[in-house]
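Overview (structure and organization)
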Amino acid sequence: MKVLTDDGNIDIEAVWFEDGMVHMVDQRLLPHNLEVLEMDDHLQVADAIREMAVRGAPAIGATAAYGMALASLNGANLDEAAMDLKSTRPTAFDLFHAVDWMIEALLKGEDAVRSSRSYASMIVEKCRAIGRYGAPLIKNGSKVMTHCNAGALATVDVGTALAPMREAHDQGKEFFVFVSETRPRMQGMMLTAWELSNEGIDCAIISDGASGHFIRESVDLIIVGADRIAANGDFANKIGTFEKAVLADRFSVPFYVAAPVSTYDPSLSQGDDIIIEQRDGEEVTHIMGNRIAPIGIKALNPSFDVTPAELVDGFITELGVLKPDELHRLGGV
Ligand code: MRU
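For a regular strand, side chains alternate in direction, first toward one face of the sheet and then toward the other. Where strand S1 (residues 2–5) lies against strand S2 (residues 8–11), four bridges are found, and the strand directions are antiparallel. Note on S2: the bridge partner recorded for lysine 2 is aspartate 11. The turn linking S1 back onto S2 is made up of two residues.

Our focus in this paragraph is the side chain of arginine 228. The residue arginine 228 is located in strand S10 (residues 228–230) in this model. Polar contacts involving the side chain of arginine 228 include one to the side chain of aspartate 265, which spans 2.7 Å. Setting aside chain neighbours within four positions, we find arginine 228 in contact with Pro90, Thr91, Ala92, Phe93, Phe96, Asp234, Phe235, Ala236, Thr263, Asp265, Leu268 and Ile274.

By the element assignment, glycine 331 lies in the segment after strand S18 (320–322). Exposure remark for glycine 331: the relative accessible area of 51% places this residue in the exposed category. For the pair formed by glycine 331 and threonine 307, sequence separation is 24 residues and the distance between their alpha carbons is 21 Å. Look past the residues within four positions of glycine 331 in its chain and what remains in contact with it is Tyr264 and Pro266.

The next thing to look at is the sheet that holds strand S5 (residues 36–39). Note: strands within a sheet are paired through backbone hydrogen bonds, in either parallel or antiparallel orientation. The three strands lie next to each other as S3-S4-S5, forming an open sheet whose pairing is antiparallel. At either end of the open sheet lies a strand with only one pairing partner, and these are strand S3 (15–18) and S5. Across this sheet, the average inter-strand angle for adjacent strands is 25°, counted without regard to direction. As paired elements, S3 and strand S4 (residues 21–25) share four bridges and run antiparallel to each other. Opposite tryptophan 16, over in S4, you have histidine 23 as the bridge partner. Sitting on the sheet, helix H2 (residues 57–73) touches S3, S4 and S5, and the angle it makes with S3 is about 20°.

Scanning the model with the defined rule gives 13 salt bridges in all. Across the salt bridge formed by lysine 126 and glutamate 318, the nearest N and O atoms sit 3.1 Å from each other. Taken together, the residues span a long stretch of sequence, with lysine 126 in helix H5 (residues 112–134) and glutamate 318 in the loop between strand S17 (314–317) and S18 at a distance of 192 residues. Of the two residues, lysine 126 and glutamate 318, neither departs from the other in class, the shared state being buried. Of the charged contacts in the structure, one is a salt bridge between arginine 216 and glutamate 217, with a shortest N-O distance of 3.3 Å. A cluster of three or more residues bridged by salt bridges with shared partners is formed by Arg89, Arg185, Glu277, Arg279 and Glu283.

Taken as a whole, this structure holds six aromatic pairs when the rule is applied. Pairing phenylalanine 176 with phenylalanine 178 gives two aromatic rings, centres 5.1 Å apart and planes at 85°, and the pair type is edge-to-face. Where phenylalanine 235 meets phenylalanine 255, the ring centres are 6.4 Å apart and the plane angle is 35°; that geometry is what we call tilted. Here the residue phenylalanine 235 occupies a position in strand S11 (residues 235–238), and phenylalanine 255 occupies one in strand S12 (residues 255–258), the gap between them amounting to 20 residues. By the burial criterion, phenylalanine 235 is buried, and phenylalanine 255 matches it. Taken together, the ring pairs connect Phe176, Phe178 and Phe214 into an aromatic cluster.

Glancing now at the nonpolar core. Counting residues in hydrophobic clusters, the biggest one holds 63 residues, and the most contacted among them are Met165 and Ile223. In terms of residue count, the dominant contributor to this core is H2 (eleven residues). In this structure, this core is formed jointly by two domains, domain 1 (2–125) and domain 2 (137–330), each of which donates at least three residues. The contact partners of methionine 165, leaving out residues within four places of it in the chain, are Ile138, Val144, Thr146, Phe175, Val177, Leu196, Ile201 and Ile223. In terms of nonpolar packing, the next biggest core, distinct from the first, is built from 25 residues, Val253, Ala259, Leu327 and Leu330 among them.

Here is what the cut-offs are and how they apply
- Residues numbered from 1 in each chain as written.
- Predicted model: local features only at pLDDT ≥ 70, side-chain atom pairs only at ≥ 80, totals over all residues.
- Heavy atoms only, no water.
- Pairing = 2+ DSSP bridges.
- Helix = DSSP H or I, 4+ residues; strand = E, 2+ residues; numbered from the N terminus.
- Polar contact = N/O pair within 3.5 Å; in protein donor to acceptor, adjacent residues only side chain to side chain.
- Contact = heavy atoms within 4.5 Å.
- Buried < 20%, exposed > 50% of the residue type's maximum accessible area, 1.4 Å probe, protein only.
- Axes fitted to C-alpha atoms, helices over the stretch in contact; angles between N-to-C directions.
- Salt bridge = Lys/Arg side-chain N within 4 Å of Asp/Glu carboxyl O.
- Phe/Tyr/Trp six-rings, centres within 6.5 Å; stacked < 30°, edge-to-face > 60°.
- Core = buried A, V, L, I, M, F, W, Y, C linked by side-chain atoms within 4.5 Å.
- Domains from an automatic or database assignment.

This is how it looks when you write it as structure tokens:
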């Protein structure tokens, strides 16, 4: 991922393994501070996932893979380490996929660090393929909308929903992106807008509540990421995704989901079976640590919602763009 700094451009991944430690960009501090956390224990890695220093389903998966590598290097009990990591965030399927993938590699006697690095590289390669398959959907002059952050920060590098935009931009297409701010944690405003502007892609932040206005007036295409896709194509993504899909359907705007196979969970037949993470109400009542809501008021904070498959025009995957009833071709874990 390209990052513009005062000292020039740098190229950085969201998370990597170096000198026996997991390194990750602290995404809670972006866009104004680029700080890298270093961890040598899988429990620190689990805390970082829970506290959302790293977030986005595929990046959570890669981070957990690195966490398993640390557990192995430190001689920790691998089943317990797997539970420590899996108990951090319940909705993102990549987390479970990655930990099981690492356990399988370790049981085969493969090198822990090399395996975790292969897992992360594999995810980035899948994102590049998603970019190649998705780019033709974006035309010169297109007005695209996205939600939350499904960019390089969410996937180690490249992104899922942002991958077709990066590729289309590299192909010289000119287009515009509406970035919805994504309350309560504002991943759209803080992370997606930062990534797109680093890449030189024209965009504007809109408040979440302005989505309907722009979908009716201007948007040609919506691309979002996913945290878990059920066998029938219902999928969970950041809260606020569902209403965009309903609006897209109402105003005949094509609605696409970009995700790698590691997000597809064929063990769940439908979206109702997806566990939705409920986070602390303080994320809603407070902004940047400042209480905005009246003292004592209750707040509800589901982190994700489920969009039914019937509202999805296609899933942009590393195997191509699939209709919901073609998802079985992904195979799954
Ligand atoms: O709570 P977050 O920030 O981890 O949620 C992230 C999202 O909902 C993304 O859209 C999803 O993980 C896809 S990331 C490529």
